[in-house]
Amino acid sequence: MAADLGELLVPYMPTIRVPKTGDCVYRSECAYSYDSPESDGGLYVCMSTFLGFGREHVERHYKKTGQCVYMHLKRHTRPKATGASGGTLPKRKNGKIFLDLEINFDSSSDYEYEDEVKLVIFPDHFEIPLPNIEELPALVTIACDAVLNSKSPYLKQDPDSWEEELLVSKYANNLAQLDNGVRIPPSGWKCAKCEMRDNLWLNLTDGSILCGRWFFDGRGGNGHALEHHKQMGYPLAVKLGSITPDGADVYSFEEEEAVLDPHIAKHLAHFGIDMLQMNKTENGVVDNVVTPRITEWEVIQESGMKLKPMFGPGYTGVKNLGNSCYISTVMQIIFSIPEFQRAYVGNLPRIFDYSPLDPTQDFNTQMSKVGHGLLSGQFSKPHIKSELIEQVMREEEHKPLPRGITLRMFKGLVSSGHPEFSSKRQQDAHEFLMHLVNLVERNSIGIGTENPSDVFRFLVEERTQCCQSRKVRYTQRVDYMMQLPVALEAATNRDELIAHEVKRKEAESGKRPPPELVRARVPFSACLQAFSEPDNVDDFWSSALQAKSAAIKTSRFASFPEYLIVQIKKFTFGLDWVPKKLDVSIDMPDLLDINHLRAAGLQPQEEELPDIAPPIVIPDDSRGHTRNQYLDPPDIDESSVMQLAEMGFPLEACRKAVYYTGSMGAEVAFNWIIAHMEEPDFAEPLVIPGYEGAAAGPVMIDDQPPEEIVALIISMGFQRYQALQALKATNNNLERALDWIFLHPDLEEESESVSDVNDLENNSNANIVSETAPEGPRVKDGHGRYELFGFISHMGTSTMSGHYVCHIKKDGRWVIYNDHKVCASERPPKDLGYIYFYRRMP
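Residues numbered from 1 in each chain as written. Predicted model: local features only at pLDDT ≥ 70, side-chain atom pairs only at ≥ 80, totals over all residues. Heavy atoms only, no water.

**A few points about the sheet that holds strand β19 (residues 547-557)**
Now for step 1: Pairing is antiparallel in the open sheet, where four strands are placed in the order β15-β14-β19-β18. Of all strands in the sheet, those with a lone pairing partner are β15 (472-479) and β18 (535-542), marking the two edges. The mean inter-strand angle of the sheet, taken between neighbouring strand axes irrespective of direction, is 35°.
Now for step 2: Pairing of β18 with β19 involves six bridges; the strand directions are antiparallel. (Pairing = 2+ DSSP bridges. Helix = DSSP H or I, 4+ residues; strand = E, 2+ residues; numbered from the N terminus. Axes fitted to C-alpha atoms, helices over the stretch in contact; angles between N-to-C directions.)

**Description of the packing of helix α10 (residues 363-375) against helix α13 (residues 429-443)**
Now for step 1: Two elements in contact, α10 and α13, have axes whose closest approach is 10 Å; the angle formed by their N-to-C orientations is 120°. Between α10 and α13, the crossing angle belongs to the class labelled oblique. For the pair α10 and α13, the crossing hand works out as left-handed. Counted together, F363, N364 and M367 of α10 and L436, L439, V440 and N443 of α13 form the full contact between these two elements.
Now for step 2: Broken down by class, the residue content of the contact of α10 with α13 amounts to five nonpolar, two polar and no charged. (Parallel < 35°, antiparallel > 145°, perpendicular 65-115°, else oblique. Left-handed = near helix turned anticlockwise from the far one by under 90°. Contact = heavy atoms within 4.5 Å. Nonpolar A, V, L, I, M, F, W, Y, C, P; charged D, E, K, R; others polar.)

**Brief notes about the pattern of salt bridges**
Now for step 1: Here the structure, examined in full by the defined rule, presents 22 salt bridges.
Now for step 2: A salt bridge links D353 to R60; the nearest nitrogen and oxygen atoms lie 3.3 Å apart. Here R60 lies in helix α2 (residues 55-65) and D353 lies in helix α9 (residues 348-353), a separation of 293 residues in the sequence.
Now for step 3: One salt bridge in this structure joins K830 and D590, with 2.9 Å as the shortest N-O distance. Here K830 is found in the loop between β28 (821-824) and β29 (835-840), whereas its partner D590 is found in the loop between β23 (584-586) and β24 (591-593), with 240 residues between them in sequence.
Now for step 4: Residue classification places D590 among the partly exposed residues on the basis of a relative accessible area of 38%.
Now for step 5: Each of the salt bridges in this network shares a partner with another, and the network as a whole consists of E116, K118 and E127. (Salt bridge = Lys/Arg side-chain N within 4 Å of Asp/Glu carboxyl O. Buried < 20%, exposed > 50% of the residue type's maximum accessible area, 1.4 Å probe, protein only.)

**Thoughts on the sheet that holds strand β8 (residues 209-211)**
Now for step 1: In spatial order, the strands read β8-β7-β9-β10-β11; together these five strands make up an open sheet with antiparallel pairing. Only two strands of the sheet have a single partner each, and these edge strands are β8 and β11 (257-259). Averaged over all neighbouring strand pairs, the angle between strand axes comes to 40°, with direction disregarded.
Now for step 2: Against the sheet, helix α4 (residues 224-232) contacts β7 (200-203) and β8, and its axis sits at roughly 120° relative to β8.

**Observations regarding the pairing of strand β25 (residues 785-795)**
Within a regular beta strand, the side chains point alternately toward one face of the sheet and then the other, so they alternate between its two faces.
Now for step 1: Among the 11 residues of β25, nine are classified as buried, and the element is accordingly described as predominantly covered.
Now for step 2: Bridge count for β24 against β25 is three bridges, and the pairing is antiparallel. Looking across to β25, one finds that D593 is bridged to R785.
Now for step 3: Two elements, β25 and β29, share six bridges in a ladder whose sense is antiparallel. Its bridge partner being in β29, Y786 is matched across the sheet by R840.
Now for step 4: Both β25 and strand β26 (residues 803-810) contribute to a ladder of six bridges, which runs antiparallel.

**With respect to the environment of E195**
Now for step 1: Looking at the element boundaries, E195 is found in the loop between α3 (138-148) and β7.
Now for step 2: For E195 and L210, which are 15 residues apart along the polypeptide, the C-alpha to C-alpha distance reads 9.8 Å.

**Quick word on the packing of aromatic side chains**
Now for step 1: Inspection of every chain in the model, using the stated rule, returns 19 aromatic pairs.
Now for step 2: Here the aromatic rings of F335 and Y344 are separated by 6.3 Å at their centres, their planes lie at 75°, and the arrangement is edge-to-face. By the burial criterion, F335 is buried, and Y344 matches it.
Now for step 3: Cation over ring: K369 sits above Y34, and NZ or CZ is 4.8 Å from the ring centre. (Phe/Tyr/Trp six-rings, centres within 6.5 Å; stacked < 30°, edge-to-face > 60°. Lys NZ or Arg CZ within 6 Å of the ring centre and 35° of its normal.)

**Here's the deal with the packing of helix α16 (residues 638-645) against helix α17 (residues 651-660)**
Now for step 1: Closest axis-to-axis distance for the α16/α17 pair is 9 Å, and the angle between their directions is 135°. In terms of orientation, α16 lies oblique with respect to α17. For α16 against α17, the interelement crossing comes out right-handed. Residues E638, S640, V641, L644 and A645 of α16 form the contact with α17, whose participating residues are L651, C654, R655, A657 and V658.

**Quick look at unusual backbone geometry**
Now for step 1: Following F122, the chain continues into P123 via a peptide bond in cis, with omega recorded as 5°.
Now for step 2: Turning to its location among the elements, P123 is positioned in the loop between β5 (111-121) and β6 (126-130).
Now for step 3: With omega at 0°, the peptide bond leading from L130 into P131 counts as cis.
Now for step 4: Within the element layout of this structure, P131 appears in the loop between β6 and α3.
Now for step 5: Even without glycine at this site, Q546 takes up a positive phi of about 55°.
Now for step 6: Here Q546 lies in the loop between β18 and β19.
Now for step 7: Even without being a glycine, D811 presents a positive backbone phi close to 50°.
Now for step 8: Take D811: it is sitting in the loop between β26 and β27 (813-818).

Honestly, that's just the spatial picture; any functional story needs more than this.
Written out as structure tokens, the structure reads:
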């Protein structure tokens, strides 16, 4: 038999590889779907590319690549035999093989698992059971062993990589907790064996509070928590002071590492600790001495209500990866919009058929995968308790039903190379939404239909008036979101807020619990009025005066989008530089009419500012000559840049702040950021006059961008002059050019002479361009009456922490999406939202 297997595999040996350092082995999830080893058909891992495929998709890969040898991974799940101990660990055959397998459902002590591994040779589906060391060639055995023991492709060496290195503890699902009546007080903790009051750990089995060792958090301890484990064997402990509504720091003595406990809320509740009421104070000590109140966390998540779970297509939840709720809420909203459903789910067969050899790195493929996972209903099935069904399940193989999907592969792709979204920190859902729209714009040419993000795009008309000459300038720019300021000064309960602030300060000085929260109630009409008010333009250069002057700017809608996104600008900065959120209640309307914000354009009595560019000022050079592109860059204090970047500001904005403040430190640069963060070029790359050299030189006729790339950008809704300038500024790089256009929304058309030169150079394409190029950015204009259909809410004090959930109106009723939990909403908190989504009324 050994010789037969060896001879059978000889033709395929060149296609069987041993994973090398840097190879990603996807043995937990299909590249096209959310099939896994727990799925009915198992998972097939290509022994050449190491991509994983479900039974439905492995044939596609075989036909596309001709690769014949796959490793088939299948986990069989069965109910435990009657009388089996509920406290024992699940029994697993070949447990070492699947030691770090990422499972897609909630494990339960009611089930036992048996893992099966085979080599399958296509197209005949010849199967070779594993392990089969004696009968297989040595290379095949080594390759199989390397695939089975490979690390997750999402675990990176970079400590700031997005994927949480913490794994779920093997003790978490079946943790025994003693009913010893222990209740943990809200304060006054100390080690049970010494007097230490810092670095304290609560054992999750018996509720004992003991001090840790120095390596737990660097502050030292006498090791009594570890000593207790050695005596009693209780495996898990949680650090007191780390418990917040977001989670807690859990350590496994047996596994000797920090771990995740998916049931931490239940385990803490056993000892009387309610995570929703735990709030970490500035010094790291948990403040649990609060009067009972309705907190933002409880209102937004509709805690305390018996919410009815929803199942089926469109009601699929998303498992939280530790910091991924800002992504999942955006994706839930996006795929509730018909245009995105048609583009990515309606075109799924075509997108999959034309996907590249590595579909894990293709944006359209992964968007289709997410859309199908959320809308198919395959991962959102109710638990059936019919006696007949239960009898059938007892006779057949049975397993827990999957509860939602995970976005590991999607997050890994869309966050690749992004300094914020690739980190493990919580991020701003608004920023991710704009990042996603940018990616959709870049990749829309490959989905075979119109760009679905067109439904968000609209034109903004900006009217700038010189205060001295009274002359005006009208410009237009593309935008995707209406940012609404919070008019705190218009709060209807100002007297109540003032009284609360007095009580809060008195409680703080007397070291007493703070008074019950009073939330500012701000009328939506006041916020809309603040949006329409003119803004002062500092340092404005008036072409009429040929000098700097004061000016005011007003913004209006030159077009109304099909779907209007409204962001409430709740986030600001405290005196400690920490981003904070305004805790306000705004009576957001179900029906919104903004027709009065329609732009009117140049009026008959108005006179335009002359179209004269300001003079270019080149600073004196101490060495007696002008800077050029060959000189060394100016000195910038990179340590100050990184301090600011860690606060969440764009890197280029931080570099500009440090440069323009003479590298005088992060504090001075921070003040510059606060003063300039509303400017349209805030996040643009630092450009020093005279330093860019040739970049500001004349347009060369013989250095035109390729016409096919220009046409591609025009097809996305941008104007020809935008495409030309962006490509010239980015050395004809399409991806960078699109980013450049988004970073230059106020880009103006080149002079007539330059345009004439371009037209002469491209005369062979002139007729085609004139017939096919749109007159302006592609927009879906219409009336300005809208209906609310969804909103994303944030809980927490800043975008760098907290949690996101979303509410979506489906089939006439509101539904709450809180990670993997999807339920019918009883009281949608429409007044506490962060990003609102409106659709145009018929």
